[in-house]
Amino acid sequence: MDKQQHHQLSLAKSSRQRCNEWIFRDVKSDITIEVNGGTFALHKFPLVSRSGRIRKLVAEHRDSDISRVELLNLPGGAETFELAAKFCYGINFEITSSNVAQLCCVSDYLEMTEEFSKDNLGSRAEEYLESIVCKNLEMCVEVLQQCENLLPLADELKIVSRCIDAIASKACAEQIASSFSRLEYSSSGRLHMNRQAKCDGDWWVEDLSVIRIDLYQRVMTAMKCRGVRPESIGASLVNYAQKELTKKSSLWNPSGHTKIDLFSTDHERLVVETIVSLLPVEKLAVPITFLFGLLRSAVMLDCSIACRLDLERRIGSQLDIATLDDLLIPSFRHAGDTLFDVDTVQRILVNFSQQDDSEDDMDDASVFESDSPHSPSQGALFKVSKLVDNYLAEIAPDANLKLAKFMAIAETLPTHARTIHDGLYRAIDIYLKAHQGLPDADKKKLCKLIDSQKLSQEAGAHAAQNERLPLQSIVQVLYFEQLRLRNALCCSYADDDRKPVNHQSWRISSSALSAAMSPKDNYASLRRENRELKLELARMRMRLNDLEKEHVCMKRDMAKSSSRKFMSSFTKKIGGLSLFGHSSSRGSSSPSRQSYRTDSKVIERTCASTD
């Protein structure tokens, strides 16, 4: 505050020195005007002939012969009063975009209107504002900058609103002209828009970045009402945010070595909340990386809940184009919290899932009758599922990450989002490795998230030997791995009849396909599967007699075999089957084949008992 007063006093002193150069030196001054600490020795007659305010003051003190007048809160200070006094003395000076706002305000304060003198300062400044400034966007921006220190008087005189309307109209007209310049005729003679041509209608984006945030908000609102393109609004918001939010080197200083400017923090918070309120409703109007940057700033600056929820909703609507680096939002809370802000990411995923559900929840029966392989949102689901699995693997080593939060992130997406569970299994394995003291009950709860049928052959082989997994999960993985081997084995022996497909294999692939589809696509798929199932059922009835005979043979072999431990027998059989798979001339009554089927039945009973 002391610096500001010193600056005003220096301006007043320099104005007073300049005043001595142009006032009448041969006539003694009869009135002294005080403005913001500065004094001006002037003459009553030139002032009262132009200024209604000074005329009234002199008239009120006619009897006491007033010789000193103090003008409090004069807009523009001593420099602007000097220009007004020059005008009263008939001294010419140039009205420009850098002083027209001050002249309009000081003429209103001093009542320098047509009522007291023809072609007074007020009308001159208004004419320049309307005929020159409002026709040029750069000048309007400069006038708005000058109005920042003239509020609320500049608003009452409608200087601000006229400049804002002029900027919005000019920007809209520039875009229309730019759009027309991109029109061209195709080879067929039709008029179309050349999207590859450079659009030069957004040159004003850089100019608007110098306006104060409250006036910038009003400009952007006016542009939206005028119909300026959302992409242009977004480009301006990105440019403004990058300039305003990077003025300080650091807003959050965990080391505590430098003092944080609280005023600057309040300003940054206001900028973030204002920009979020101005974001266009259209998707892709701003890059999703910019949205994540705003969200990080909103969390860091402790912006309003409404601001953060709005950003989370916008990000959730286009999460399929996000990257892992975008999701890694640092946690700015106490030291005992997780390294990354898991709660925010979970809310973003909930927004994405709810949006997907709302898009898929349609009552039109014709939609379900379509035979399209995927719905429009299915590709987004696949991308987000991979993104979530990578995110889980990234946060899993955090020692402060609770099991409930980890599982909440994994369970947010619907079951049909993941076609393969390799990524989820990798994340869970990393979590188990980092949290070795996890109770067995929690391990079982966590591993239930993995669908063993959706593991690839490599992931299944790794899970079968993973000692960190609970025994029940290992048995389930082994069971489905054996089913996979048996299906491959049956296919290799079906030389006489290759067309009929093994029922178990068909069932597994069918369930995987159903899980990979969204509900509305799954409906049409189920109808097709129903027809195929009827045909398969007919084939299975024809083979029922053969299977019963094989079952009798297996019971006979089981009675003759000596008692051996389950796991050792299973390991030996797996080794025998791998060698057996290279042969193609064995019959169905082979001992290896019969013992293999026996072990599969045992595993089936074991899995049934554990369930």
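Residues numbered from 1 in each chain as written. Predicted model: local features only at pLDDT ≥ 70, side-chain atom pairs only at ≥ 80, totals over all residues. Heavy atoms only, no water.

**Q** Talk me through the environment of Q242; I want residue IDs and the actual numbers.
**A** With respect to the secondary-structure elements, Q242 resides in helix α11 (residues 230-244). Each C-alpha atom of the pair Q242 and F290 lies 9.5 Å from the other, and the pair is 48 residues apart in sequence. (Helix = DSSP H or I, 4+ residues; strand = E, 2+ residues; numbered from the N terminus.)

**Q** Outline the environment of I288, supporting the account with residue identities and numerical values.
**A** Note that I288 resides in helix α13 (residues 288-300). For I288, a relative accessible area of 7% translates into the label buried. Spatially, the C-alpha atom of I288 lies 6.7 Å from that of A322, the residues being 34 residues apart in sequence. Among all residues touching I288, those that are not within four sequence positions of it are I315, Q318, L319, I321, A322 and D326. (Buried < 20%, exposed > 50% of the residue type's maximum accessible area, 1.4 Å probe, protein only. Contact = heavy atoms within 4.5 Å.)

**Q** How would you summarise the pattern of salt bridges if you had to cite specific residues and measurements?
**A** If you walk through the whole model with that rule in mind, you get 15 salt bridges. For D429, the salt bridge identified is with R468, shortest N-O distance 3.0 Å. Residue D429 is found in helix α20 (residues 422-434), and its partner R468 is found in the loop between α22 (457-464) and α23 (471-493); the two are separated by 39 residues along the sequence. Here the residues in one salt-bridge network are E126, E130 and R162, joined through shared partners. (Salt bridge = Lys/Arg side-chain N within 4 Å of Asp/Glu carboxyl O.)

**Q** Residue-level account of unusual backbone geometry, with values.
**A** Here the bond from L151 into P152 is cis, since omega is 5°, no more than 30 degrees from zero. By secondary structure assignment, the location of P152 is in the loop between α7 (137-147) and α8 (153-156). Although it is not a glycine, D119 sits at a positive phi angle of roughly 50°. Mapped onto the elements, D119 comes out in the loop between α5 (100-109) and α6 (121-131). D119 gets classed as partly exposed once you look at its relative accessible area, which sits at 40%. Although it is not a glycine, K158 adopts a positive phi angle of roughly 60°. In this structure, K158 sits in the loop between α8 and α9 (159-181). Assessed through its relative accessible area of 54%, K158 is described here as exposed.

**Q** Requested: an account of the packing of aromatic side chains, with residues and values cited.
**A** Tallied over the full model, the rule gives 4 aromatic pairs. The residue whose ring lies beneath R53 is Y109, and the NZ or CZ to ring-centre distance is 4.1 Å. (Phe/Tyr/Trp six-rings, centres within 6.5 Å; stacked < 30°, edge-to-face > 60°. Lys NZ or Arg CZ within 6 Å of the ring centre and 35° of its normal.)

**Q** Any details on the nonpolar core? Residues and values, ideally.
**A** Judged by nonpolar contacts, the single largest core of 140 residues is most densely connected at I33, F81, L208, M220, M223 and L319. Not counting the four nearest positions on each side in its chain, L319 is found in contact with I288, F292, L327, I348, L349, F352, V384 and L387. (Core = buried A, V, L, I, M, F, W, Y, C linked by side-chain atoms within 4.5 Å.)

Shape descriptors only; they carry no functional weight alone.
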